[in-house]
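Given next are the chains, with one letter for each unit.
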Amino acid sequence: MGKTIKNAIFILLLITLSISTAFLAYLHFFASGEKELSGEWTTNLDMTEHAVVTALDWLQDIEAVSVSLEDMESYMHGLTIQVNLSIEQTGRGEGTFKCNVSPESYEACNQAAYEAFAMAFQELLTERLSMAGYTGSTDKEAIEALVTETFGMSTVSYLMDYGPKLLPSLEDLQAEYDGSGTYEADEDILTRAFDDGGAVTTKAEYYIRKDSTLILSGESGVVSDDFVSDYYPIIYEQTPNE
């Protein structure tokens, strides 16, 4: 069952990728792009599918009562993490950049994910108790009190400590996005050289700028099996000057 669900999600992501590719192609051939990249940019990485699949796999592994992908999606939605990108153009087609994942946004997203998961978990617990002949109250407050009495902590705390890791770690995301250095923009390719204390790594991405939108599509656009990375295309919106 878990493999079937992962395959279904993989197919959905491929369809989404195809639509995104078509959109990028439209922008590339029909929209007038701008070469100036200076500014403060932000994007929100969507973590919803990652959290849904992870939570669903865990519930199936512990043989919880029947729950579907649609059930989990009804609880988990809008889970995003903010990434900030600052670009300063210092010459024709070149300049400096700084990029970072917002720790505050990560913590807020992680908390929201577990709060949504807790609601789903409580509903499943209620169903299992009913199947076992439990005759006590099954309203939200009663179930929360039962969890606290049983595990010595709230549902959210229990799932955080003993449940699955719903999001990629902050360290993994920082390794993927954080860094600063110099860039070159040429023929719709943005090449960033990340300076990591003497060691320099480069990342080349296709880019399109249209008005206050900057799109980085990546060279491969590969959807990873573990849903940890490859969030392309990444759509940044420019932060208005205050």
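Worth saying up front: this structure is predicted, and the values here are computed from it rather than measured.

**A few points about the pattern of salt bridges**
Here is step 1: Applying the stated criterion across every chain, the model contains 1 salt bridge.
Here is step 2: With a closest N to O distance of 3.1 Å, R192 and E205 form a salt bridge. Pair noted here: R192 is in strand β5 (residues 189–196) and E205 is in strand β6 (residues 199–210), with a separation of 13 residues, a long-range link. The two residues R192 and E205 agree in class, both being buried.

**With respect to unusual backbone geometry**
Here is step 1: The backbone phi angle of E187 is positive, close to 50°, even though this residue is not glycine.
Here is step 2: Looking at the secondary structure, you find E187 in the loop between β4 (179–186) and β5.
Here is step 3: Look at E187 and you get exposed, because its relative accessible area is 67%.
Here is step 4: Positive phi, close to 55°, is recorded for D211, a residue that is not glycine.
Here is step 5: Along the chain, D211 turns up in the loop between β6 and β7 (213–216).
Here is step 6: Taking the relative accessible area as the measure of exposure, D211 reaches 46% and is therefore partly exposed.

**Things to note about the environment of C99**
Here is step 1: Within the secondary structure layout, C99 lies in strand β3 (residues 94–101).
Here is step 2: Taking the relative accessible area as the measure of exposure, C99 reaches 3% and is therefore buried.
Here is step 3: It is 7.2 Å that separates the C-alpha atoms of C99 and V83, two residues lying 16 residues apart in sequence.

**Describing the sheet that holds strand β2 (residues 80–91)**
Here is step 1: Strand order in the closed barrel made by the 8 strands is β1-β2-β3-β4-β5-β6-β7-β8, with antiparallel pairing throughout. Between one strand axis and the next, the sheet turns through 30° on average, direction left out of account.
Here is step 2: When β7 meets strand β8 (residues 234–238), the two strands line up antiparallel, connected through 4 bridges. Bridge pairing in β8 places I215 opposite I235.
Here is step 3: Along the sheet, helix α4 (residues 103–131) contacts β2 and β3; its crossing angle with β2, the most-contacted strand, is approximately 160°.

**Focus on the side chain of N110**
Here is step 1: As for its placement among the helices and strands, N110 is situated in helix α4.
Here is step 2: Residue N110 is classed as buried on the basis of its relative accessible area, which comes to 15%.
Here is step 3: Beyond its immediate sequence surroundings of up to four residues, N110 is in contact with M160 and L167.

**Brief notes about the pairing of β4**
Here is step 1: In this sheet, β4 lies alongside β3 in antiparallel orientation, the contact comprising 6 bridges. Paired with G95 across the two strands is Y183, which belongs to β4.
Here is step 2: Bridge count between β4 and β5: 6 bridges; the pairing is antiparallel. Looking at β5, one finds that D186 is bridged to I189.
Here is step 3: The turn linking β4 back onto β5 is made up of 2 residues, and E187 within it adopts a positive phi angle of 50°.

**Some details on a negative patch on the surface**
Here is step 1: A surface patch of negative charge is lined by E70, D71, E123 and E127.
Here is step 2: Those elements that provide at least two residues to the negative patch are α3 (69–75) and α4.
Here is step 3: With respect to the helices and strands, D71 occurs in helix α3.
Here is step 4: Take D71: its relative accessible area is 35%, and that puts it in the partly exposed class.

Conventions we followed
- Residues numbered from 1 in each chain as written.
- Predicted model: local features only at pLDDT ≥ 70, side-chain atom pairs only at ≥ 80, totals over all residues.
- Heavy atoms only, no water.
- Salt bridge = Lys/Arg side-chain N within 4 Å of Asp/Glu carboxyl O.
- Helix = DSSP H or I, 4+ residues; strand = E, 2+ residues; numbered from the N terminus.
- Buried < 20%, exposed > 50% of the residue type's maximum accessible area, 1.4 Å probe, protein only.
- Pairing = 2+ DSSP bridges.
- Axes fitted to C-alpha atoms, helices over the stretch in contact; angles between N-to-C directions.
- Contact = heavy atoms within 4.5 Å.
- Patch = residues over 30% accessible without salt bridge, like charges linked within 9 Å, V, L, I, M, F, W, Y side chains within 5 Å.
- Areas by Shrake-Rupley, 256 points an atom, 1.4 Å probe, with all protein chains shown as cover.
- Lys, Arg positive; Asp, Glu negative; His and termini not counted.
- Charge placed at Lys NZ, Arg CZ, Asp CG, Glu CD.

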